Amino acid sequence: MKRYKPIIRGSLASLSLLSIYFIILTWANSLEHAIGQFIEMWYWILILSIGFGLQIGLYYHIKAQLQKKMLESKAELAATGTVSTVSMVVCCAHHIVDILPILGLSAAATFLLRYQLSFIMIGVLSNILGITSMLVIMQKHSLHEEKLKLIYRYDMKNIMKIGIFVSVILVSLTFVL
């Protein structure tokens, strides 16, 4: 059973993030609206939640194998996991647009609508970088899994650097376009 704990925790994290999405949209509008928005943007929402769950699963896998050397991965998970959650909330937050003009915050409503894709992209890319950083830690501490042998042929630190560079370019493009 211990072997499956990271998988179970990662799956629960993914489901929790999806729940947050539906709770926020239902609160802001209605359950029917939440379902409609999910159908419209399912691919982004699933990528965000699966990526977050994968990070959590990798974190608990590392934790199980390295109880003493956990601080490095814990900080990285907190940073990328927070970005994923915030991106999911921002994704939903454009539905608050209905009440923002009433509150005199029409500029905020326009900003959220205009840059929704950018915030989602930031969340997706932070998931990719978070997963890569977990793989860097696993490679650094020789936590090689048979299933990941192909991945470990590459230097994860270099892949992380390339990922950061590409992420900055992609996010910049989403804000410009």
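Up top is the structure these notes are about.
Rules of the game
- Numbering of residues begins from 1 in every chain and follows the order in which that chain's sequence is written.
- Thresholds applied to this predicted model are a pLDDT of at least 70 for local features of residues and 80 or more for the giving and counting of side-chain atom pairs; totals over whole chains, interfaces and linings are not thresholded and use all residues.
- As a rule here, side-chain values cover all heavy atoms of the structure and leave hydrogens and water aside.
- Numbered from the N terminus, helices here are DSSP runs of H or I no shorter than four residues, and strands are runs of E no shorter than two.
- Remark: exposure states derive from per-residue accessible area (1.4 Å probe, protein chains only) relative to the maximum for the residue type, with buried under 20%, exposed over 50%, and partly exposed in between.
- What a helix should span is 1.5 Å times the count of its residues minus one.
- For Phe, Tyr and Trp, where Trp contributes only its six-membered ring, two rings pair if their centres lie within 6.5 Å, and the inter-plane angle classes them as stacked under 30 degrees, edge-to-face over 60, or tilted in between.

K.L.:
If you had to explain the environment of serine 172 to someone new, which residues and values would you point to?
P.N.:
Among the structural elements, serine 172 can be located in helix H6 (residues 156-176). Assessed through its relative accessible area of 37%, serine 172 is described here as partly exposed. Along the chain, serine 172 and isoleucine 122 lie 50 residues apart, while their C-alpha atoms are 9.9 Å from each other.

K.L.:
Residues and numbers for helix H1 (residues 5-28), please.
P.N.:
Between the first and last C-alpha of H1 there are 34 Å, a value that for 24 residues agrees with the 34 Å anticipated at 1.5 Å per step. Considered for burial, the residues of H1 that qualify are Pro6, Gly10, Ala13, Ser14, Leu17, Leu18, Tyr21, Ile24 and Leu25.

K.L.:
Lay out the packing of aromatic side chains with the relevant residues and their values.
P.N.:
On inspection of all chains with the given rule, the structure shows six aromatic pairs. Plain terms: the ring middles of phenylalanine 22 and phenylalanine 38 are 5.4 Å apart, the flat faces sit at 45° to each other, and that makes the pair tilted. Residue phenylalanine 22 is found in helix H1, and its partner phenylalanine 38 is found in helix H2 (residues 31-65); the two are separated by 16 residues along the sequence. Phenylalanine 22 gets classed as partly exposed once you look at its relative accessible area, which sits at 24%.

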